[in-house]
Amino acid sequence: MQSIDDIQVGGQRVLVRSDLNVPLDKSGSGEITDDGRIRASLPVIKKLAGRGARVIVMAHLGRPKGEDFAERAAGGPSLAPVAARLAELLGQKVPLAGDVAGESAAATAAALADGEVALLENVRFEPAETSKDDAERAGLARRLAALAQLYVGDGFGALHRKHASVYDLPALLPHAAGELVEAEVAVLEQLILDPARPYVVVLGGAKPSDKLAVIANLLDKADRILIGGGMSYTFLRAQGYEVGKSLLEADRLEDVRKIMDAAADRGVEIVLPVDLVGAVDFGPEAEHEVYPVTAFPADRESLDMGPATRDLFAAKLADAATVFWNGPVGVFEFPAFAAGTRAVAAAISERPGLTVVGGGDSAAAVRRLGLPEDGFSHISTGGGASLEYLEGTTLPGLAALAGEQPA
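Every chain's residues receive numbers from 1 upward, in the order its sequence appears when written. Where local features are concerned, this predicted model is filtered to residues with pLDDT of at least 70; where side-chain atom pairs are given and counted, the filter is 80 or more; whole-chain, interface and lining totals use all residues. Note that the side-chain values use all heavy atoms of the structure and ignore hydrogens as well as water.

**Q** In this structure, what is going on with helix α1 (residues 36-50)? I would like to understand it.
**A** An α-helical turn contains 3.6 residues, so a residue and the one three or four places further along point in the same direction. Going along the chain from the N terminus, every DSSP run of H or I of four or more residues is numbered as a helix, and every run of E of two or more is numbered as a strand. To estimate the expected span of a helix, subtract one from its residue number and multiply by 1.5 Å. With 15 residues, α1 ought to run about 21 Å at 1.5 Å a step, and its terminal C-alpha atoms sit 22 Å apart, in line with that. What the bend at a residue measures is the angle between two axes, fitted to the seven residues ending there and to the seven starting there. For α1, the principal kink sits at Leu-42 and spans about 35°; a proline, Pro-43, occurs within the next four residues. Remark: Gly-52 follows α1 within two positions and exhibits a positive phi of approximately 90°.

**Q** I'm lost on the sheet that holds strand β14 (residues 378-379) in this one. Help?
**A** Two pairing modes exist for strands in a sheet, parallel and antiparallel, and in both the strands are linked by backbone hydrogen bonds. The rule for pairing is simple: two strands pair if DSSP sees at least two bridges between them. With parallel pairing, six strands are arranged side by side in an open sheet as β8-β7-β6-β12-β13-β14. Looking at the sheet topology across the chains shown, the edges are occupied by β8 (269-271) and β14. The pairing of strand β6 (residues 199-203) with strand β12 (residues 322-326) spans five bridges and is parallel. Its bridge partner lying in β12, Tyr-199 is registered against Thr-322.

**Q** Would you mind going over the pairing of strand β7 (residues 224-227) with me for this structure?
**A** The side chains of a regular strand alternate, residue by residue, between the two faces of the sheet. Residues of β7 alternate between two faces, with Arg-224 and Leu-226 on one and Ile-225 and Ile-227 on the opposite face, all of them buried. Pairing of β6 with β7, which is carried by four bridges, proceeds in the parallel orientation. Bridge pairing in β7 links Val-200 to Arg-224. Seen with the strands pointing away from the viewer, any crossover whose path from the first strand over the helix to the second strand runs clockwise is right-handed. Once you follow β6 into helix α8 (residues 212-218) and on to β7, the crossover reads as right-handed. The pairing of β7 with β8 spans three bridges and is parallel. A simple rule labels every residue: compare its accessible area, found with a 1.4 Å probe on the protein chains alone, to the largest value its type can have, and call it buried under 20%, exposed over 50%, or partly exposed in between.

**Q** Sorry, what's going on with the nonpolar core here?
**A** Here is a general trend for soluble globular proteins: nonpolar side chains tend to be buried in one another's company. Leu-15, Leu-120, Leu-144, Leu-169, Ile-215, Ile-225 and Phe-235 are the most contacted members of the largest nonpolar core, which has 73 residues in total. When residues no more than four places from it in sequence are discounted, the contact partners of Ile-225 are Val-201, Leu-203, Ile-215, Leu-218, Leu-219, Val-268, Glu-269, Ile-270 and Val-271. Counting 30 residues, the second-largest nonpolar core is a separate cluster that includes Ile-45, Ala-49, Ala-53 and Leu-79. In plain words, nonpolar cores are sets of buried Ala, Val, Leu, Ile, Met, Phe, Trp, Tyr and Cys residues tied together by side-chain atoms within 4.5 Å. Every residue pair with non-hydrogen atoms within 4.5 Å of one another is taken to be in contact.

**Q** Help me understand the packing of aromatic side chains in this model?
**A** Here the distance between the centres and the angle between the planes together describe a pair of aromatic rings. Any two rings among Phe, Tyr and Trp, with Trp reduced to its six-membered ring, count as a pair given centres within 6.5 Å; such a pair is stacked if its planes are under 30 degrees apart, edge-to-face if over 60, and tilted if neither. Applying the stated rule across the entire model yields three aromatic pairs. Their ring planes at 85° and their centres at 5.9 Å tell us that Phe-69 and Phe-125 sit as a pair that is edge-to-face. Taken together, the positions of Phe-69 in helix α2 (residues 69-75) and Phe-125 in the loop between β3 (117-119) and α5 (134-145) put the pair 56 residues apart, joining distant regions of the chain. Under the relative-accessibility criterion, Phe-125 is labelled buried at 1%.

Right under this line is the structure:
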């Protein structure tokens, strides 16, 4: 892949695909609750603008619904709060086009002077962006390509999507990978090719189905896999434990048993919770108690792991030379059920080796819980993209930047 240092950008209009898919306040205020992805995208935007490029940033936000642009734009979410925050961080105006690849986008792009930055409206307002129809995506890619002379792919969190702005567009313009993408790939390559040992993986999040392929691939690489959060309840149920009303994928029990058997065969230690925080219902103020996994009540729902499990996970991380963590191990958004995720993050941050937070909710948890980001070697901007890379899957956007066409 070409680097942005390999291309001449002065006086050129440069389309930059960033990942600005930040969480917004769910009460309706529209405020950004975690600007980590915006801050992670700044270095490349600043570097290009500093070299005299006319920077046109593209990004998606959420999953807009509707049959056409008008319906999706009416329902939102708009990138307006992102444009405002980007302008704050850059210290300069960032005009927001009223569309993605229409008259407003063209006018906004044409009005840019050297060193200026603009943002296109939510690229997913265009149904063609995420279409499975190659011709539809290609049509949008051609309209986007008409806005600029160069393309930079810097949205690592979107590279696992075969979308128009990620996969189809690079083929239409001279292109390069941004430094954020290069850094993400370099770290993940370390995890795959030559991790210092012991190599410990911590997986949480809601469902095992999201991560079974990752676990299967990691059985050849990791020494120990710690499983917490919502996905651990299916693993515990597969071992015959009661999990009450906790999140459960009953249709994946047999798959989980096969994974655990394969891990045992290969000498990879799978570590599961030994106690859980059982609540009467799902809510921030829910009444709750700690129960051993051998005596979890059928009428309770687990929202966090208990103190014995926090100690166990910390002990299993104590000798790690390499750590990869993806997924919170409890409902960290509720302070009463954040202790497990905080304990895992703290234990990882104390390790002197390579410690990687695999993006998504894990990265959000680090910031929301007030933990110092410099306590980790790398905090990824792409949860799903990181996982698919570790699965061994070819990321469509990455292949496109390299000039390849995956099936």
